[in-house]
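Given next are the chains, with one letter for each unit.
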Amino acid sequence: MRPRTRWWLIAAGIVVLIVVLRATAFRPRPIEVEVATVGRGTVEDAVTNSQAGTVKARLRARVGAERAGRVAAIPHREGSRVRAGEPLLLLDESTARTQLEVVGRDLEAAHAAAGAAGAAATLARQQHERTASLFKSSLVSQGEMDLAKSRLESAEAELEGAEAREQRARSAVRLGQDELDHLRVLAPFDGVVSQRMVEVGEPVVPGQPVLEVVGLDRLYVSAPLDEIDIGRVREGLPARVTLDPYRGRVWQGAVSRVSPVVNDVREQNRTLEVEVEMRPDPTAPQPKPGTSADVEIILARRDSVLRVPTNAVIEGKRVLVIENGQAVSRDVKTGLKNWDWTEIVDGLGEGKTVITSLERQGVKPGARVVAAAGAARREPGAANASSP
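Just so it is clear, the structure is predicted and the values come from calculations on it, not from any experiment.

Asks: Quick question: what am I supposed to make of the pattern of salt bridges here?
Replies: Two side chains with opposite charge may pair up if their charged atoms get near one another. In this structure the tally under the stated criterion is 26 salt bridges. R62 serves as the salt-bridge partner of E212, at 3.7 Å between the closest nitrogen and oxygen. On the criterion of sequence distance, the pair formed by E212 in strand β12 (residues 209-214) and R62 in strand β5 (residues 60-64) is long-range, its members being 150 residues apart. Its salt-bridge partner being E296, residue R240 comes within 3.1 Å of it at the nearest N-O pair.

Quick look at the structure:
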């Protein structure tokens, strides 16, 4: 064999070896990617608050005394539960009780006087009747008849005066009792004592707030929405509420009010205030007014539709699927979507595998990929993380 031919064969062998090594030993390893399976489930279109909302109470009152006085007792501390009509604060009652005792004695005296006047009137009436009978028989004179009539009229007038004085005494007792009752500050509704502004021994004046009571049965969240969502939000839409202290816990509710005006204090970030009424949930912790909250207002909902994780959709119109170990781009038509799921109207079939880790370097159409070992694959019909 000629030397030149030998060198050509050696060179060709080297080229073949390089090609074989690049296709085998030196071939780039497939990129491990997270995947999900196209399946059926629930997809919702929802809007969320642009800034943190706040839990508030429909029933919240600062109560005060209706009379001036010195605080004698405060039966409840902050955090105590109270019932409607239960005493919250007591003012010193010594003077009022003494006055009530005085008018009570006056009532007793007036009652006794009215009784005596009634007895006298009864006697005068009987005497008048007897005199009138005798007068008809001409056994008594006209003067005696006039005297009997005068005594009856005088007794009846005395009785009327005594009864009026008794009624006046009763009114005085009622006023005294009313004055005594106004020395007690009562709970206006069921709730908890959230704040107290005075202590035992301090003087108070009428109208001065002494305690704050908050009802926990009717809570709502006031939250701002971005102005771009104004046209889609209306009263009555269902909503979900989450609270910062209770991660993972969801309260159901409904939009109860949409502000008629936009808050334009910050011109670059205009918002619309909405209120979401929270439904009581006996199985959940008791929400506390003032807690930060987030709301998710459900605009539309579709059940049992094809869906993929939203982070698998590129620019809202295509996805990457795995076919023969490669990432392949597929155009899709989408419907409803939220942060978790996007509805697939056309372009994908149920059971197809889509790539969700699109941010991973090198993941693009044509790249060699493999599902990561132990990667979470969302099966068809899996529960929607955002469904109630």
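From this point on, the discussion continues.
Asks: Just checking my understanding: could you explain the side chain of H76 for this structure?
Replies: Relative to the elements of secondary structure, H76 occurs in the loop between β6 (69-73) and β7 (81-82). Accessibility expressed as a relative area gives 12% for H76, which makes it buried. Engagement of the side chain of H76 in a polar contact is seen with the side chain of E86, the distance being 3.0 Å. Among all residues touching H76, those that are not within four sequence positions of it are R81, V82, E86, P87, L88, V193 and R196.

Asks: What should I look at first to understand the sheet that holds strand β8 (residues 87-91) in this one?
Replies: Backbone-to-backbone hydrogen bonds join strands into a sheet, with any given pair of strands oriented parallel or antiparallel. Pairing in this open sheet of four strands is antiparallel, and the strands run β9-β8-β6-β11 from one edge to the other. Strands at the two margins of the open sheet, each flanked by one partner only, are β9 (184-186) and β11 (203-204). Of the strand pairs in this sheet, β6 and β11 are connected by two bridges, and their pairing is antiparallel. Pairing of G69 across the sheet is with V204, part of β11.

Asks: Looking at this structure, I do not really get the confidence of the model for the chain. What am I missing?
Replies: Segments scoring low in pLDDT should not have their predicted coordinates read at a detailed level. On average, residues of the chain score 85 in pLDDT, and 88% of them reach the 70 mark or higher. Averaged over each element, pLDDT in the chain is lowest for helix α1 (residues 3-23) (61) and highest for β12 (94). Of the regions scoring below 50 in pLDDT, residues 376-388 engages in 40 contacts with residues more than four places distant in sequence or in other chains.

Asks: Is there a simple way to think about the nonpolar core in this case?
Replies: Soluble globular proteins tend to bury their nonpolar side chains together. V55, V221, V233, V241, M278 and I297 are the most contacted members of the largest nonpolar core, which has 25 residues in total. Not counting residues up to four positions away in its chain, the partners in contact with V233 are V47, L225, V258, V274, I297 and L299. By size, the runner-up hydrophobic cluster in this structure holds 23 residues, among which are V71, V82, L89 and L100.

Asks: How should I be thinking about the packing of helix α2 (residues 94-136) against helix α3 (residues 142-181) in this particular structure?
Replies: Each pair of packed helices gets described by two things: the angle between the helix axes and the distance between those axes. Axis separation between α2 and α3 bottoms out at 7 Å; the angle between their running directions is 160°. Taken together, α2 and α3 sit at an angle that is classed as roughly antiparallel. Read as a crossing pair, α2 and α3 show a hand that is left-handed.

What counts as what
- Residues numbered from 1 in each chain as written.
- Predicted model: local features only at pLDDT ≥ 70, side-chain atom pairs only at ≥ 80, totals over all residues.
- Heavy atoms only, no water.
- Salt bridge = Lys/Arg side-chain N within 4 Å of Asp/Glu carboxyl O.
- Helix = DSSP H or I, 4+ residues; strand = E, 2+ residues; numbered from the N terminus.
- Buried < 20%, exposed > 50% of the residue type's maximum accessible area, 1.4 Å probe, protein only.
- Polar contact = N/O pair within 3.5 Å; in protein donor to acceptor, adjacent residues only side chain to side chain.
- Contact = heavy atoms within 4.5 Å.
- Pairing = 2+ DSSP bridges.
- pLDDT = per-residue confidence, 0-100.
- Core = buried A, V, L, I, M, F, W, Y, C linked by side-chain atoms within 4.5 Å.
- Axes fitted to C-alpha atoms, helices over the stretch in contact; angles between N-to-C directions.
- Parallel < 35°, antiparallel > 145°, perpendicular 65-115°, else oblique.
- Left-handed = near helix turned anticlockwise from the far one by under 90°.

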